[in-house]
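# Structure assessment
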Amino acid sequence: MGVPGFAGDDSLAQRAMQSTLLAPVYERAWRPALFWAAMGFDLDHYRSEKQAAVDSLRLRPGARVLDLACGPGAFTRVLGESVGPNGRAVGVDLSAPMLQRARRDNATGVTSYLRGSGHQLPFADGSLDAVLCYGALYLIPDPFRVLEEISRVVAPGGRVSLMASASSRLPGLGRLQAIIAGPAGLRVFDRDDFTGRLEAAGFVEIDREVRGLLQYVTATRST
């Protein structure tokens with residue numbers, strides 16, 4: 001799981017994701033520090049996050065799963081282990097340095113890595129059993145267009161699992177979050193931004209869990 005440099009934006013955060021300096025240290029230092037803090041310093045949750053992602057998607061052998069914004073491919077590899085040997089886990093990211101790292105460190109017989117944008121996914125309608133998108137939607141311009149694409153490519157009965165920012169419910173703190181995040185090109189989402197849109201798109205079993213400054217949203221495509 002990583003954060004892509006999607007086309008159409010030149011924010012500080014987007015430029016960082018494209019940097020050749022970040023990819024080598026992303027999974028070892030950058031992500032552990034930032035995401036652990038954003039999770040409210042919940043170490044047990046951070047350590048179990050990959051397995052929780054697999055569980056949330058209800059993956060089975062032979063399934064086809066997309067890791068959107070795969071970064072260096074750490075989550076993609078774990079997804080592949082859950083669907084192999086006859087399944088396929090595809091990581092998509094627009095950051096060439098991140099993909100280079102993914103192919104070097106997390107390539108297996110059931111993983112593939114593609115350079116692409118979440119605004120136009122290279123998959124047919126209903127062709128995937130599951131889509132994971134962790135820690136990226138708050139960086140992407142027009143993130144709800146990406147959500148539409150995710151919805152389009154998931155097959156009936158398929159699962160979606162998202163992790164994004166969550167606005168605080170404490171008086172004034174949500175606004176402060178937006179003020180701080182805005183200059184860096186980050187977006188703070190309301191807690192019903194994804195659940196409401198997924199319901200409107202025909203998803204069921206919609207669930208949201210908030211941990212610290214992050215929200216985890218899962219849903220099933222209706223059959």
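Residues numbered from 1 in each chain as written. Predicted model: local features only at pLDDT ≥ 70, side-chain atom pairs only at ≥ 80, totals over all residues. Heavy atoms only, no water.

We now examine the overall build of the protein. A count of helices and strands for the protein gives nine helices and seven strands. Here the protein holds 223 residues, and the buried ones make up 52% of them. Of the contacts formed within the protein by residues at least 6 apart in sequence, a portion of 66% connects residues at least 24 apart. Surface accessibility of the protein: about 9,900 Å² in total, with carbon and sulfur atoms responsible for 54%. (Helix = DSSP H or I, 4+ residues; strand = E, 2+ residues; numbered from the N terminus. Buried < 20%, exposed > 50% of the residue type's maximum accessible area, 1.4 Å probe, protein only. Contact = heavy atoms within 4.5 Å. Areas by Shrake-Rupley, 256 points an atom, 1.4 Å probe, with all protein chains shown as cover.)

Glancing now at the packing of aromatic side chains. Following the criterion strictly, the structure yields five aromatic pairs and no others. Centroid distance F189 to F194: 4.7 Å. Interplanar angle 55 degrees. Geometry classified as tilted. The class of F194 is buried, set by a relative accessible area of 1%. Ring pairing ties together the aromatic residues F75, Y134 and Y216, which thus form one cluster. (Phe/Tyr/Trp six-rings, centres within 6.5 Å; stacked < 30°, edge-to-face > 60°.)

Moving on, we come to unusual backbone geometry. The residue after G84, namely P85, is reached through a cis peptide bond having omega 5 degrees. Of note in this structure, R58 is not a glycine but carries a positive phi near 55 degrees. Note that R58 resides in the loop between α4 (49–57) and β1 (64–68). Accessibility expressed as a relative area gives 47% for R58, which makes it partly exposed. The phi dihedral of E205 is positive, around 50 degrees, even though this residue is not glycine. Within the secondary structure, E205 is located in strand β6 (residues 203–211). Classification of E205 as partly exposed rests on a relative accessible area of 46%.

The subject of this paragraph is the nonpolar core. If you look at the biggest cluster of nonpolar residues, it comprises 30 residues, and the most contacted ones within it are L66, L68, F123, L137, I150, L162 and F194. Secondary-structure elements contributing two or more residues to this core are β1, β2 (88–93), β4 (128–134), α7 (143–153), β5 (154–165), α9 (193–200) and β7 (214–221). Per-element accounting of this core gives the leading share, five residues, to α7. If near-sequence neighbours (up to four positions away) are discounted, L162 is found in contact with C133, Y134, L137, L147, I150, F194, Q215, Y216 and V217. Of all hydrophobic cores here, the second largest spans 17 residues; its members include A38, F75, M163 and L214. (Core = buried A, V, L, I, M, F, W, Y, C linked by side-chain atoms within 4.5 Å.)

Our focus in this paragraph is the side chain of S117. Structurally, S117 is set in the loop between β3 (111–115) and β4. The class for S117 is buried, based on a relative accessible area of 16%. Engagement of the side chain of S117 in a polar contact is seen with the backbone nitrogen of H119, the distance being 3.0 Å. (Polar contact = N/O pair within 3.5 Å; in protein donor to acceptor, adjacent residues only side chain to side chain.)

With four of five residues buried, β1 is to be regarded as a mostly interior element. Pairing of β1 with β2, which is carried by five bridges, proceeds in the parallel orientation. Across the sheet, the residue bridging to V65 is A89, located in β2. Tracing the backbone out of β1, into helix α5 (residues 74–83) and back to the parallel element β2 gives a crossover that is right-handed. Pairing of β1 with β4, which is carried by three bridges, proceeds in the parallel orientation. Directly across from L66, in β4, lies its bridge partner V131. (Pairing = 2+ DSSP bridges. Right-handed = clockwise from strand over helix to strand, strands pointing away.)

This next bit is on the confidence of the model for the protein. Averaged over all residues, the pLDDT of the protein is 84; the fraction at 70 or higher stands at 72%. Counting contacts from residues 1–9, a segment whose pLDDT is below 50, to residues more than four positions away or on other chains yields 59 contacts. (pLDDT = per-residue confidence, 0-100.)

Attention now moves to the sheet that holds β6. By way of backbone hydrogen bonds, the strands of a sheet pair with one another, either parallel or antiparallel. Here seven strands make up an open sheet; going across it, the order is β3-β2-β1-β4-β5-β7-β6 and the pairing mixed. Edge strands, defined here as strands with exactly one partner in the open sheet, are β3 and β6. Across this sheet, the average inter-strand angle for adjacent strands is 15 degrees, counted without regard to direction. Bridging between β4 and β5 involves six bridges; their strand directions are parallel. Within β5, the residue paired with L128 across the bridge is V154. Contacts from α5 reach β1, β2, β3 and β4 within the one sheet, and its direction differs from that of β2 by about 160 degrees. Taken strand by strand, α9 contacts β5, β6 and β7, and its axis lies near 175 degrees from that of β6. (Axes fitted to C-alpha atoms, helices over the stretch in contact; angles between N-to-C directions.)

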